Amino acid sequence: MATNPVQSENKDADSWLAQATAEYQKLSASLSALGSQLAALGVTIQGQESAQMSLPPGPPLPLALPPPASESVSNAIKVNLLGSFRMSIGGHDLGPHVPGQVQTVLKFMMSQGGHPTSKDALLDLLWPESNPTITSSRLRVLMHTLRRSVACKHLGFGDLLVTSGNNFLVNPKASVWVDVDEFERRWHKGWRLARSGNKAEAMYEYEQAEMLYVGDYLEDDPYADWTLLKREALRDAYSTMLTMLSSMSIETGDYTGAIIWAQKLLAQDNCREDAYRLLMTSHHLLGQHSRSAYWYGLCVRALERELGLEPSQQTQELYKEIIGAGIKPSPFWRAI
């Protein structure tokens, strides 16, 4: 007896439908169990009620999970001007794609402490000996490139640099942290605390500032005229701070700490006699008299080589006191 093609097709369709229904019922049961587990965690399954239907109207609906914590974006703009220039926006560092002149503008603007900068000042910075008519158009192109290279819309405001009349300034809506500003704030606060006699609090502020000084101001631009005065002022502040940290450490009996600060001071300037005296005193108070004599020898050598001078009377007298404590002179410096 011949098989009816229509009946065969209906039979195949019924078989496929029964199989699909069974598979979906298994999926529905699994989703229900998962929904119960997630409900305990405060998570719900969208369209869970529709999963109770006998036949699926479409693919299962996705879970309504909260976004991962890693997707949250910080609104802070972080700028490092001490050492090599670094800048991050919303947690993302500026890449090498940012043109050199754009970086120059960013460095200069971020160093202004939020104060506006005139258009003429930027033109003189970038093209000091060029025709202002030509350089004005160049500046417009450069600012367009800056807006494209340094996008801030995802932080809730528009451009990083905005105009006010004939001036440029950092967008007041931007939350900007600059290491130099923080360094100076800590340094000045520590100085005021030290003058008022709060040496413990002053040392804390100095230590926090010292950690920020990872290198000289914009050390990648050592010959840029506009960086010179600021660089030297910050170097002086850093050296003074190290001297005070070492001196106060001796006063509090932390002789090892005094040695650490004095050695950092010598790393800045190996002809600082006061740093050698601090080292000689600290080692002497630790009972390491031979180390005191050795540092005196290094002082003699550095001053002779770099300046053609001998140690001051104050340094020589300190050395004699150490020798008077029963330590023989080191032959190292006499052989220089």
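Since we're looking at a predicted model, the values are computed, not measured. (Residues numbered from 1 in each chain as written. Predicted model: local features only at pLDDT ≥ 70, side-chain atom pairs only at ≥ 80, totals over all residues. Heavy atoms only, no water.)

Attention shifts here to the overall build of the chain. Along the backbone of the chain there are twelve helices and seven strands. A separation threshold of at least 6 residues defines the contact pool for the chain, and within that pool the share at least 24 residues apart is 56%. Of the roughly 19900 Å² that the chain leaves accessible, carbon and sulfur atoms contribute 53%. (Helix = DSSP H or I, 4+ residues; strand = E, 2+ residues; numbered from the N terminus. Contact = heavy atoms within 4.5 Å. Areas by Shrake-Rupley, 256 points an atom, 1.4 Å probe, with all protein chains shown as cover.)

Another aspect to go through is the packing of helix 10 (residues 289-307) against helix 11 (residues 313-324). For the pair helix 10 and helix 11, the least separation of the axes is 10 Å and the interaxial angle reads 155°. As summarised for this structure, helix 10 and helix 11 are arranged roughly antiparallel, according to the angle between their axes. When the axes of helix 10 and helix 11 are compared, the crossing they make is left-handed. In this structure, helix 10 contributes His289, Ser292, Ala293, Tyr296 and Cys299 to the contact, and helix 11 contributes Thr315, Gln316, Tyr319 and Ile322. Each residue belonging to the contact of helix 10 with helix 11 can be placed in one class, and the counts come to five nonpolar, four polar and no charged. (Axes fitted to C-alpha atoms, helices over the stretch in contact; angles between N-to-C directions. Parallel < 35°, antiparallel > 145°, perpendicular 65-115°, else oblique. Left-handed = near helix turned anticlockwise from the far one by under 90°. Nonpolar A, V, L, I, M, F, W, Y, C, P; charged D, E, K, R; others polar.)

This part covers the confidence of the model for the chain. The share of residues in the chain with pLDDT of 70 or more is 74%, and the mean pLDDT across the chain is 81. Within the model, pLDDT remains below 50 along residues 37-74, and this stretch shows 35 contacts once partners closer than five positions in the same chain are excluded. Scored below 50 in pLDDT, residues 328-336 shows 15 contacts in the model against residues more than four places distant or in partner chains. (pLDDT = per-residue confidence, 0-100.)

Before going further, it helps to spend a moment on the nonpolar core. Ranked by internal contacts, the top residues of the largest apolar core, which has 76 residues, are Ile77, Met87, Leu160, Phe183 and Tyr206. With sequence-adjacent residues up to four places away left out, Leu160 is seen in contact with Ile77, Met87, Leu106, Met110, Val150, Cys152, Leu169, Val170, Asn171 and Ala174. (Core = buried A, V, L, I, M, F, W, Y, C linked by side-chain atoms within 4.5 Å. Buried < 20%, exposed > 50% of the residue type's maximum accessible area, 1.4 Å probe, protein only.)

A word on the packing of aromatic side chains. How two aromatic rings sit relative to each other is given by the distance of their centres and the angle of their planes. One pass over the structure, following the stated rule, counts seven aromatic pairs. Both rings, one in Phe108 and one in Trp226, keep their centres 5.1 Å apart while their planes meet at 75°; by these two values the pair is edge-to-face. Here Trp226 lies in helix 7 (residues 225-251) and Phe108 lies in helix 2 (residues 100-110), a separation of 118 residues in the sequence. Pairing Tyr276 with Trp295 gives two aromatic rings, centres 6.3 Å apart and planes at 55°, and the pair type is tilted. Of this pair, Tyr276 sits in helix 9 (residues 273-285) while Trp295 is found in helix 10, placing the two residues 19 residues apart along the sequence. Here the two residues Tyr276 and Trp295 agree in accessibility, since each one is buried. An aromatic cluster is defined as three or more aromatic residues linked by ring pairs; in this entry it consists of Phe183, Tyr213 and Tyr238. (Phe/Tyr/Trp six-rings, centres within 6.5 Å; stacked < 30°, edge-to-face > 60°.)

Two side chains of opposite charge can pair, provided their charged atoms sit close to one another. For the coordinates displayed, the defined rule picks out twelve salt bridges. Here Glu182 makes a salt bridge to Arg186, at a shortest N to O gap of 3.1 Å. Remark: Arg186 and Glu182 occur in helix 5 (residues 179-195); sequence separation between them is four residues, near one turn of the helix. Neither residue differs from the other here; Glu182 and Arg186 are each classed as buried. The network of salt bridges with common partners includes Glu182, Arg185, Arg186, Lys189 and Glu205. (Salt bridge = Lys/Arg side-chain N within 4 Å of Asp/Glu carboxyl O.)

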